[in-house]
Amino acid sequence: MKKANMGKQKQQTISRFFAPKPKSPTQEPIPVADSSSPAPKISATVSFSPSKRKLLSDHLSAASPKRTKLSPHTQNPIPEDPDLHRRFLQRFLEPSPEESVPETSSSARKYTPLEQQVVELKSKYPDVVLMVEVGYRYRFFGEDAEIAARVLGYKIGVVKQTETAAIKSHGANRGGPFFRGLSALYTKATLEAAENISGGCVGEEGFGAQSNFLVCVVDERVNPEAYGCGVEMSFDVRVGIVGVEISTGEVVYGEFNDNFMRSGLEAVILSLSPAELLLGQPLSQQTEKFLLAHAGPTSNVRVERASLDRFRSGSAVDEVISLCEKISANNLVDDKEVKVEAAEEGMSCLTVHTIMNMPNLIVQALALTFCHLKQFGLERILYQGASFRTLSSSTEMTLSANTLQQLEVVRNNSDGSESGSLFHNMNHTLTVYGSRLLRHWVTHPLCNRNLISARLDAVSEIAAYMGSHSSSQNSDELVEEGSERTTVSPEFYFVLSSVLTALSRSSDIQRGITRIFHRTAKATEFIAVMEAILLAGKQLQRLGIKQDCGMTTQSTTVQSSLLRKLISVVSSPAVVDNAAKLLSALNKEGAVRGDLLDILITSSGQFPELAEARQAVLIVREKLDSSIGIFRKKLAIRNLEFLQVSGITHLIELPVDAKVPVNWVKVNSTKKTIRYHPPEIVAGLDELALATEHLAIVNRASWDSFLKSFSRYYTDFQAAVQALSALDCLHSLATLSRNKKYVCPVFVDDCEPVEINIQSGRHPVLETILQDNFVPNDTSLHAEGEYCQIITGPNMGGKSCYIRQVALISIMAQVGSFVPASFAKLHVLDGVFTRMGASDSIQHGRSTFLEELSEASHIIRTCSSRSLVIIDELGRGTSTHDGVAIAYATLQHLLAEKRCLVLFVTHYPEIAEISNGLPGAVGTYHVSYLTSQKDKIGFDHDDVTFLYKLVRGLCSRSFGFKVAQLAQIPPSCIRRAITMAAKLEAEVRAREKNTRMESLGEGKGHEEDPVHGDREDSKSLEESVSGLDDFFADLKLALSEENLLKSFEFLNRAWKIAEESVLASLAKSN
């Protein structure tokens, strides 16, 4: 029965491997696998795709054998009671801890039989994350634990020994097992900032270039009167959010009202793309439902819950203030110089005044985030107030979740990857931190004309020299930009490109400085980050940009004010001098060798305790070395020297037949010699080991103190890296404009009417795929003229592509990028809103039609007269009459009440009648095409050639049957559909004729005598009305048809009807 239960437990899914299971009464020891025997069976493994396999291989190859970790365990506390600790180890780690050999600084690590087996298995399966069965649980070991935290989303703890053999032998615990403790915790959001991590896996999508936000969400039921939002606004909750990117130090926060669909929350989550969600409990059912759906099985988003009960009474403010005061006090105690600098210069920290001014829900989320990060030792990042920014800004446009998804701004709608998105097309950055910033720029376009112009000027200046680089290597060039002439310096571009190229080969310095701030960086990483910043600063200092007391920059080589400002931040003396000062305290050669005891330089008077500990080790070692003279005399061997074998030092090697004192310890031997340790050497080595361990402790404390001192420079270095990121983004946009032959957009003044004037506009992504085959289109919208385009035309004719390209060009221009067009004159928009496609959201309880109307509702409530609205196929999720009515009413509201710029795609010709009530404001357009019509009437199954050119006029045909053929619908179904379409069209025409006849009959009924009425006259009247109806219908089609052949056919039919009518009238009169 027990074996059956154990077998059942082994078959549990991965999600239950870490759940508590019934204890096993017995546990057999795990034998060490013999090297000659076949590979043992692995009970559970997690295999990876090629990209993940490469990630694993790179991660393992970067690890040094000397840093191999002990087995990581999750959720297993280490008790302080030695007896209880021994029982814990006997239960979970076989064999018993007494058999394990602890790690010492002077010898290679020894493994228990279990660990040795894991090492052997890992050497056989280097590309597989091993989940090793230990008793009735499954364990990850070493680097696998870190990768499991990244891939599986669990919280992984690493348990290490907390004492060494030398200290243990001289302590009170000399007879007990080695103490072990939880040395580190890893989750996906904290992994990049954690200790012993290389700082990101750059190069694979999903790592490095993307952010790993921890997002805390709290909400409360809204009071409409308190927030001024009545029932018509449909708000039911107020949401508070704090997002922390722990590896970069970025903190975002915001509080907003949200509706039942949680559209506002969806936009934030989609923009931040969190790696972890921290849910403040209790949370409203709809909010939790949405967040859990977002963090589904395929999203790899970790979810953790935290109770808000202790913060409901207003104690959240006290909690945050208390934590900030503790951090501040610790900083002042750790580094006395910070206290002086904080008083003299003032530091950007989270102050009591700032906290008190925050809304209540944000403070609650901040308190939960503080408490959550405290268990990882990373809460100090929230104390840096300079890193805080709000979710919404008056200078940035907030794109809704619909806009980001439907325009494929950051991810495509095919497989969810970045390939084929607007961001992917614009991203030519050279550094991962530049890529992260550009992603923010693309998803948050500017809505301030001055800021946009500053970016465009910077991009223009960089792009100007790019174009003339080959022809003017040693001279300045004048490039005309509008009415002004911009001086372009070759030295400027050479310096900028060399700096960015060098940074592209370095590590992620943005995450590096934050890891230094968290005190988790290694010495090699510290040196690499500081050298990269120092090199960039010194190179940019060559441009001679100076900043005066008024914080204005001056330069003869750089014209753009934005470029001067960014360069001055990176090359400022505060950054360059402090980087050089920090590097001067480190021994690079020792760091490269991996000698942790020889990293800090003490010759300049720094670290006196470390210098004393080093001196103590040196004295003991010299004493040991000098004792060789005593043994030369004692053994009468003048050339006797100490021998070192397999890491064992101070050995005395003598022939086998040599006589030695009985208290000499035999260490090892060969066939001809025996190696000894005299008692004096044994005592000396013991003293040396203790002094070395003391040195390691002091060295670690000195290193921690050195990292703590970095906090006073963190803000300056963070600003420098952000400036380098912005320079990389501007260089990327300049590269884009030069490679794609884009043009610089022109923005009108804010006081002028809103307009979009684009000539030969192109879709930025599709143009890359189609190259010269892409058909450009013009767009002209003006608030005081035609500000709405109703676009009709056949399916797959290019309607959606056209409206998307107008929206994407507008977004690109406000990002500060050149645009794909021959000319672009724009007004700064405050929003771009979309309603496109058809999809339901079953997990959220939303039907397709509800999704459509929710998106339309959000647009109606949010847009303004300075917004661009694109709507594609509104109303098709319901019956035809309801759909036409809703689409008509929505468009009329947008035009009459909001007066925003609108591009409206529809297959309902009736919508075009709205132009009658708004003369001059609405234009009807369609995408042109050619057909090879075979009969007079023509149906939608005719062969069609799409021209993709937008022309004026209404198109009543959609060629749905042609799309059915492309979709490989069976021909029999298509033929039947064509027959049904003809029948339905005939019925509709018949009903229209009957309606007109009835209205005419009612109009003349009071004049005719019902008794003496002439039946022949009535019949003749009916025939005449029918003929006129057909005549005007064909005439209308002829006037609206762009195809000349079809227009001629309709005119010919109308002529025949008129001719027949005239002949009939003449015959009747005769």
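Cut-offs applied
Residues numbered from 1 in each chain as written. Predicted model: local features only at pLDDT ≥ 70, side-chain atom pairs only at ≥ 80, totals over all residues. Heavy atoms only, no water. Phe/Tyr/Trp six-rings, centres within 6.5 Å; stacked < 30°, edge-to-face > 60°. Helix = DSSP H or I, 4+ residues; strand = E, 2+ residues; numbered from the N terminus. Buried < 20%, exposed > 50% of the residue type's maximum accessible area, 1.4 Å probe, protein only. Lys NZ or Arg CZ within 6 Å of the ring centre and 35° of its normal. Expected span 1.5 Å × (residues − 1). Pairing = 2+ DSSP bridges. Contact = heavy atoms within 4.5 Å. Axes fitted to C-alpha atoms, helices over the stretch in contact; angles between N-to-C directions. Parallel < 35°, antiparallel > 145°, perpendicular 65-115°, else oblique. Nonpolar A, V, L, I, M, F, W, Y, C, P; charged D, E, K, R; others polar.

1. What about the packing of aromatic side chains?
The description of an aromatic ring pair rests on the distance of the ring centres and on the angle between the ring planes.
Next up, step 1: In total, this model carries 15 aromatic pairs according to the counting rule given.
Next up, step 2: Relative to W703, the ring of F526 has its centre 6.0 Å away and its plane inclined at 65°; by these criteria the two rings are edge-to-face. Remark: W703 occurs in helix α26 (residues 679-709) and F526 occurs in helix α20 (residues 523-541); sequence separation between them is 177 residues. There is no split in this pair, since F526 and W703 are both buried.
Next up, step 3: Each residue in the set F517, F526, F607, W703, F706, F710, Y713, Y714 and F717 is aromatic and connected to the rest through ring pairs, giving one cluster.
Next up, step 4: The ring of F517 is capped by R380, whose NZ or CZ atom sits 4.2 Å from the centre of that ring.

2. Observations concerning unusual backbone geometry
Backbone phi values are negative for most residues with the exception of glycine, while trans is the configuration of most peptide bonds.
Next up, step 1: With an omega of 0°, the peptide bond running from Q281 to P282 counts as cis.
Next up, step 2: Within the secondary structure, P282 sits in the loop between β9 (276-281) and α9 (285-294).
Next up, step 3: With a phi close to 60°, Q968 is a non-glycine residue in the positive phi region.
Next up, step 4: Within the element layout of this structure, Q968 appears in the loop between α32 (960-966) and α33 (971-1004).

3. Things to note about α20
Next up, step 1: With 19 residues, α20 extends 27 Å from end C-alpha to end C-alpha; this agrees with the ideal 27 Å at 1.5 Å per step.
Next up, step 2: Of the residues making up α20, those classed as buried are A523, E525, F526, I527, V529, M530, A532, I533, L534, A536, G537 and L540.

4. So, the pairing of strand β24 (residues 823-826)
Next up, step 1: With burial as the criterion, only one face of β24 is covered, namely that bearing A824 and L826; the residues F823 and K825 on the opposite face remain uncovered.
Next up, step 2: As defined by bridge partners, strand β20 (residues 746-747) adjoins β24 across 2 bridges and the pair is classed as parallel. Within β24, the position partnered with V746 by the bridge is K825.
Next up, step 3: In the sheet, strand β21 (residues 755-761) pairs with β24 via 4 bridges, with the strands oriented antiparallel. Considered in β24, the bridge of I756 is made with L826.

5. Details of the sheet that holds β20
Next up, step 1: Pairing in this open sheet of 4 strands is mixed, and the strands run β20-β24-β21-β22 from one edge to the other. Because the sheet does not close on itself, it has two edges, and the strands there are β20 and β22 (777-782).
Next up, step 2: Helix α29 (residues 799-815) contacts β20, β21, β22 and β24 of the sheet and is inclined by roughly 110° relative to β21.

6. Quick look at the environment of S1061
Next up, step 1: Topologically, S1061 is positioned in helix α35 (residues 1044-1069).
Next up, step 2: Considered as a pair, S1061 and F1031 are 30 residues apart in the sequence and their alpha carbons are 9.7 Å apart.

7. Considering the packing of helix α19 (residues 509-517) against helix α27 (residues 714-740)
Next up, step 1: Closest axis-to-axis distance for the α19/α27 pair is 10 Å, and the angle between their directions is 170°. Taken together, α19 and α27 sit at an angle that is classed as roughly antiparallel. Contacts between α19 and α27 involve I509, Q510, I513, T514 and F517 on the former and, on the latter, Y714, F717, Q718, V721 and L724.
Next up, step 2: Across the contact of α19 with α27, the residue classes tally to 7 nonpolar, 3 polar and no charged.

8. A few points about the environment of Y465
Next up, step 1: By the secondary structure assignment, Y465 is in helix α17 (residues 449-468).
Next up, step 2: Considered as a pair, Y465 and A734 are 269 residues apart in the sequence and their alpha carbons are 9.8 Å apart.

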